[in-house]
Amino acid sequence: MIYKRSSALFAEAEKVIPGGVNSPVRAFKGVGGTPVFVEEAKGAYLYDADGNRLIDYINSWGPMILGHAHEPVVNAVVEKAKKGTSFGMPTEIETQIAELAVSMVPNIDKIRFVNSGTEACMSAVRLARGFTGKDKIIKFAGCYHGHSDSFLIQAGSGASTFGTPNSPGVTKGTAKDTLLARYNDIENVTELIEANKNEIACIIIEPVAGNMGCIPPKEGFLKSLRDLCDVNDILLVFDEVMTGFRLAKGGAQELYGINADIVCFGKVIGGGLPVGAFAARNEIMNHLAPLGPVYQAGTLSGNPLAMSAGLAMLTELNNDTEAFNRLEEKTAYLHEGIAKVLNDNNIVHTINRVGSMISVHFDEGAVTDFDTAAKGNNDRFKKFFHGMLNAGVYIAPSAFETWFITDALSYEDLDFTIEAVEAVAKTL
Ligand SMILES: *Cc1c(COP(=O)(O)O)cnc(C)c1O
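This one's a predicted model, so the numbers in the text were calculated from it and none came from an experiment.

Taken together, Ser116, Gly117, Thr118, Tyr144, His145, Gly146, Glu206, Asn211, Asp239, Val241, Met242 and Lys267 make up all the residues around the ligand. At a separation of 3.1 Å, a nitrogen atom of the ligand approaches a polar backbone atom of Tyr144. Asp239 places a side-chain nitrogen or oxygen 2.6 Å from a nitrogen atom of the ligand. Summarising the interface, the protein chains cover 83% of the accessible area of the ligand, which totals 380 Å² for the free molecule. In terms of residue class, the shell around the ligand is built from three nonpolar, six polar and three charged.

Structure (structure tokens):
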């Protein structure tokens, strides 16, 4: 395929936007080459600036679970826009989407809407600190909770020491309150809690990790975290920005039967508009301003266009009782197809999958945490990525990302994808 116009557009963008992009992973740094500029999208397909059609396995990094330009969502936004785009005053639609979200997700009474997943996680942690009166948090290496300071921390020497900032601009003062644990390692979490008795406000986790490939929680891991939190007066925060309204109506909480204390949302909940949210039971949410002392605010929070897109999306997912099953079946079909092709071609790999999240790792052995995810053969991934792109299939331009399956994919699209993998496999 030809990417002439995309390349030209990127060159222009680089002059006025740092790295030519407004979010780093879009820049293809992980795979080389220049990014594809998209012109429009419909259903399962992207149409790029050079007129190429691509089957999309990123889907805006999750939100487009029912496909691009999904009519009920587009219509809701267009109708709403005609009546004014922002007021900074309460609107009825905020209550409507809040009621629906609370009805779909177990164990939440109230929900506060923000503008991104980052804001949701940042605010959830502030609320956890305000509620418990404690400062420290535990996060897991390889889990992404947005780009706020507390979360940009990775393991220094050994996962049980204080984290060191992995971005300039994050202060040591902030970093010292973020403790790092290994995903799926309950002993490690127990040690951290023992070493920081009565100092930990919350444990924040992606209940299915989706930002180091797709990594499911080991059997009993989430339950053990829940128990540890209960015994030690620590709040359990599920970052369901990726998994919420994707793995089930009630997200990973429903799928695994574990209730978190605070739940963060983003991506699907906004139907493709900038929306995040965090939610909890009354006791916790009532600590938030204006009811309580923990401050949190937003000029565009609960924006009517964003709420109309989110409401249309959640309504569809709530009414279409088969949607999550269909998504899972399509993803399983893709999983089997790709695994067979890679096996037939003797390409060492591991495929992880939960519901409609799937990742292909070019390494043998289980991928259960950041270290095992990082072992994958990155050169092979780069070749794979560019091979797929050339064949008209767009997967995430990084080996550390999940593929997001959309219900707009037909079985012909899945077969097309598997055939593309077959062609590319011969070149790996
Ligand atoms: C995408 C993501 C975020 C950040 O959301 P933004 O809307 O990009 O700020 C946070 N947590 C998880 C699990 C995510 O996947």
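Note that Ala49 resides in the loop between β2 (45-48) and β3 (53-56). Given the relative accessible area of 13%, Ala49 is considered buried. Setting aside chain neighbours within four positions, we find Ala49 in contact with Arg5, Ser6, Leu9, Phe37 and Glu39.

Attention now goes to the side chain of Glu240. The residue Glu240 is located in the loop between β10 (235-239) and α8 (251-256) in this model. Here Glu240 is buried and forms no salt bridge, its nearest opposite-charge partner Arg246 lying at an N-O distance of 10.0 Å. Polar contacts involving the side chain of Glu240 include one to the side chain of Thr243, which spans 2.7 Å. Beyond its immediate sequence surroundings of up to four residues, Glu240 is in contact with Pro207, Gly250, Gly251, Ala252, Gln253, Val263, Cys264 and Phe265.

Each assigned domain of the protein chain is listed here: domain 1 (4-69 + 321-425) and domain 2 (71-319). Using only C-alpha atoms to locate each centre, domain 1 and domain 2 end up separated by 25 Å. Between domain 1 and domain 2, the contact holds 31 residues from the first and 35 residues from the second. When domain 1 packs against domain 2, close to 2,600 Å² is buried across both sides, 65% of that on carbon and sulfur atoms. Looking at the side of domain 1 facing domain 2, the largest losses of area belong to Phe324, Val354 and Met357, adding up to 25% of the total buried there. Summed over the shared surface of domain 1 and domain 2, the result is three salt bridges. Here domain 1 and domain 2 share 14 residue pairs in polar contact (both at pLDDT 80 or more) between them. Looking at the side of domain 1 that touches domain 2, the elements with two or more residues in it are α11 (323-344), β13 (350-354), β14 (357-361) and α12 (370-374).

If you trace the three strands from one edge of the open sheet to the other, you get β13-β14-β16, paired in antiparallel fashion. Edge positions in the sheet fall to β13 and β16 (403-404), since each of these pairs with one other strand and no more. Note that β13 and β14 share five bridges and pair antiparallel. Bridge pairing links Arg353 to Ile358 in β14. The strands touched by α11 within the sheet are β13, β14 and β16, with β13 carrying the most contacts at an inclination of about 175 degrees.

Here we come to the packing of α11 against helix α14 (residues 411-425). As a packed pair, α11 and α14 sit with axes 9 Å apart at the nearest point and diverge in direction by 20 degrees. With respect to α14, the axis of α11 lies roughly parallel. Handedness of the crossing formed by α11 with α14: right-handed. Residue-level inspection shows Glu329, Lys330, Tyr333, Leu334, Gly337, Ile338, Val341 and Leu342 of α11 in contact with α14, the latter providing Tyr411, Leu414, Asp415, Thr417, Ile418, Val421, Glu422 and Ala425.

Before going further, it helps to spend a moment on the environment of Val21. Here Val21 shows up in the loop between α1 (4-16) and β1 (38-42). A residue is classified by how much of its surface remains accessible, and Val21, at 15% relative accessible area, is buried. Distance in space between the C-alpha atoms of Val21 and Phe10 is 8.5 Å, their sequence separation being eleven residues. Among residues more than four places away in sequence, those in contact with Val21 are Phe10, Arg26 and Ala27.

Thresholds, definitions, all that
Residues numbered from 1 in each chain as written. Predicted model: local features only at pLDDT ≥ 70, side-chain atom pairs only at ≥ 80, totals over all residues. Heavy atoms only, no water. Near = heavy atom within 4 Å. Polar contact = N/O pair within 3.5 Å; in protein donor to acceptor, adjacent residues only side chain to side chain. Areas by Shrake-Rupley, 256 points an atom, 1.4 Å probe, with all protein chains shown as cover. Nonpolar A, V, L, I, M, F, W, Y, C, P; charged D, E, K, R; others polar. Helix = DSSP H or I, 4+ residues; strand = E, 2+ residues; numbered from the N terminus. Buried < 20%, exposed > 50% of the residue type's maximum accessible area, 1.4 Å probe, protein only. Contact = heavy atoms within 4.5 Å. Lys, Arg positive; Asp, Glu negative; His and termini not counted. Salt bridge = Lys/Arg side-chain N within 4 Å of Asp/Glu carboxyl O. Domains from an automatic or database assignment. Buried area = accessible area lost by both parts, 1.4 Å probe. Pairing = 2+ DSSP bridges. Axes fitted to C-alpha atoms, helices over the stretch in contact; angles between N-to-C directions. Parallel < 35°, antiparallel > 145°, perpendicular 65-115°, else oblique. Left-handed = near helix turned anticlockwise from the far one by under 90°.

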